[in-house]
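Now for the letters of each chain:
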Amino acid sequence: TGEEWRGKAQVGTMSPAIALAFLPLVVTLLVRYRHYFRLLVRTVLLRSLRDCLSGLRIEERAFSYVLTHALPGDPGHILTTLDHWSSHCEYLSHMGPVKGQILMRLVEEKAPACVLELGTYCGYSTLLIARALPPGGRLLTVERDPRTAAVAEKLIRLAGFDERMVELIVGSSEEVIPCLRTQHQLNRADLVLLAHRPRCYLRDLQLLEAHALLPAGATVLADHVLFPGAPRFLQYAKSCGHYRCRLYHTGLPDFPAIKDGIAQLTYAGPG
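The following refers to the structure shown. Nothing here was measured: the structure is a model prediction, and the numbers come from that model.

Rules behind the numbers
- Residues numbered from 1 in each chain as written.
- Predicted model: local features only at pLDDT ≥ 70, side-chain atom pairs only at ≥ 80, totals over all residues.
- Heavy atoms only, no water.
- Salt bridge = Lys/Arg side-chain N within 4 Å of Asp/Glu carboxyl O.
- Helix = DSSP H or I, 4+ residues; strand = E, 2+ residues; numbered from the N terminus.
- Buried < 20%, exposed > 50% of the residue type's maximum accessible area, 1.4 Å probe, protein only.
- 1 Å grid on protein atoms, 1.4 Å probe; cavity = no way out; pocket = protein on both sides within 12 Å on 5 of 7 lines; lining within 4 Å.
- Points joined across faces, edges and corners; volume = space filled by probe spheres on them.
- Nonpolar A, V, L, I, M, F, W, Y, C, P; charged D, E, K, R; others polar.
- Axes fitted to C-alpha atoms, helices over the stretch in contact; angles between N-to-C directions.
- Left-handed = near helix turned anticlockwise from the far one by under 90°.
- Contact = heavy atoms within 4.5 Å.
- Parallel < 35°, antiparallel > 145°, perpendicular 65-115°, else oblique.

### Comments concerning the pattern of salt bridges
- Per the stated rule, a full pass over the model turns up 13 salt bridges.
- Glu109 is paired through a salt bridge with Arg105; the nearest N and O atoms lie 3.2 Å apart. With a gap of 4 residues between them, Glu109 and Arg105 both fall in helix 5 (residues 96-110), about one helical turn apart.
- Overall, the relative accessible area of 51% leaves Glu109 in the exposed class.
- Take Arg105: its relative accessible area is 33%, and that puts it in the partly exposed class.
- A salt bridge links Glu167 to Arg138, with the shortest nitrogen-to-oxygen separation between them at 3.2 Å. Linking Glu167 in strand 3 (residues 166-170) with Arg138 in strand 2 (residues 138-143), this pair joins segments that are 29 residues apart in sequence.

### Concerning the layout of surface pockets
- Of the voids in this model, the largest pocket is the one considered here, and its volume is about 970 Å³.
- Among the elements of the structure, helix 2 (34-54), helix 6 (124-132), strand 2 and helix 11 (225-229) are those that each provide at least two residues to the lining of the largest pocket.
- It is helix 2 that provides the largest number of residues to the lining of the largest pocket, a total of 3 residues.
- Volume-wise, the second largest pocket comes out at about 170 Å³.
- Lining the second largest pocket are 14 residues, with Pro97, Val98, Leu252, Pro253 and Asp254 positioned closest to its centre.
- Only helix 4 (75-88), helix 5 and strand 6 (243-252) provide two or more residues apiece to the lining of the second largest pocket.
- For the lining of the second largest pocket, the leading source of residues is helix 5, giving 4 residues.
- In the lining of the second largest pocket, the residues fall into 6 nonpolar, 5 polar and 3 charged.

### A word on the packing of helix 5 against helix 6
- Put simply, helix 5 and helix 6 touch, their axes get as near as 9 Å, and they point 30° apart. Considering how the two elements wind past one another, helix 5 and helix 6 form a crossing that is right-handed. Across from Gly96, Pro97, Gly100, Leu103, Met104, Val107 and Glu108 in helix 5, the residues of helix 6 making contact are Tyr124, Ser125, Leu128, Ile129, Arg131 and Ala132.
- In terms of residue class, the contact of helix 5 with helix 6 is built from 8 nonpolar, 3 polar and 2 charged.

### Examining the packing of helix 3 (residues 58-69) against helix 7 (residues 146-158)
- Contact geometry of helix 3 with helix 7 gives a least axis separation of 10 Å together with a crossing angle of 20°. With respect to each other, helix 3 and helix 7 are oriented roughly parallel. Once helix 3 is placed against helix 7, the crossing between them reads as left-handed. Contact with helix 3, carried on its side by Glu59, Glu60, Phe63, Val66 and Leu67, involves Arg147, Thr148, Val151, Lys154, Leu155 and Leu158 of helix 7 and no other residues of that element.

Remember, this is a structural readout, not a statement about activity or role.
Right under this line is the structure:
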């Protein structure tokens, strides 16, 4: 009918007006969250496109770049090469130099005999720890994804660290932690780096406690506690009474406006 037609026409003329009314809000959100939008584009959209075109993962492409640009046997130069590739080629989502300095300084200060890293990823933080270890120090690093672990293994060996110094374990942290004492001769971890999945931090910290792998005075470092965030982990560490906590405020590599942080926990013992 004519009345129905006029109603549809009215809806059609109102739609652009409604869209125009929301335009300032959309622009405001894009401006306010532009850093997160850029991060999303680089870590999801562009990365997925390059994965499809190359048939390789980003970690594998990064390793290929390292092979042609870095000096074998020089972990410092390999780390610098990865930083350069992440800044100028593809964003790697690695720890980066700012957080890396915090990690290396703590390893040098604590001089741990044995370090446990949960979340090897491409091996960036593994190299940071290994080059700062005291003589005779040992690092066990755990990576759940076999394909990523294969890249990290090659990078670690390219840097000059053998299996006696750096042992890479492929498997989920939940399955590996209960076996560390019997299968990997790890009786205590003087320093632990949590760098895998923030939602697993609390579970794995409690697993380390339950299996008596943390001696009194042990240091636990947890990356990405503010972005994407590990609120339950932080709440437990601050309220359980077993830890002294300190938070280092940082930004993401190449995205300093996106605030993140590393939590440093000092274990006082079961109490």
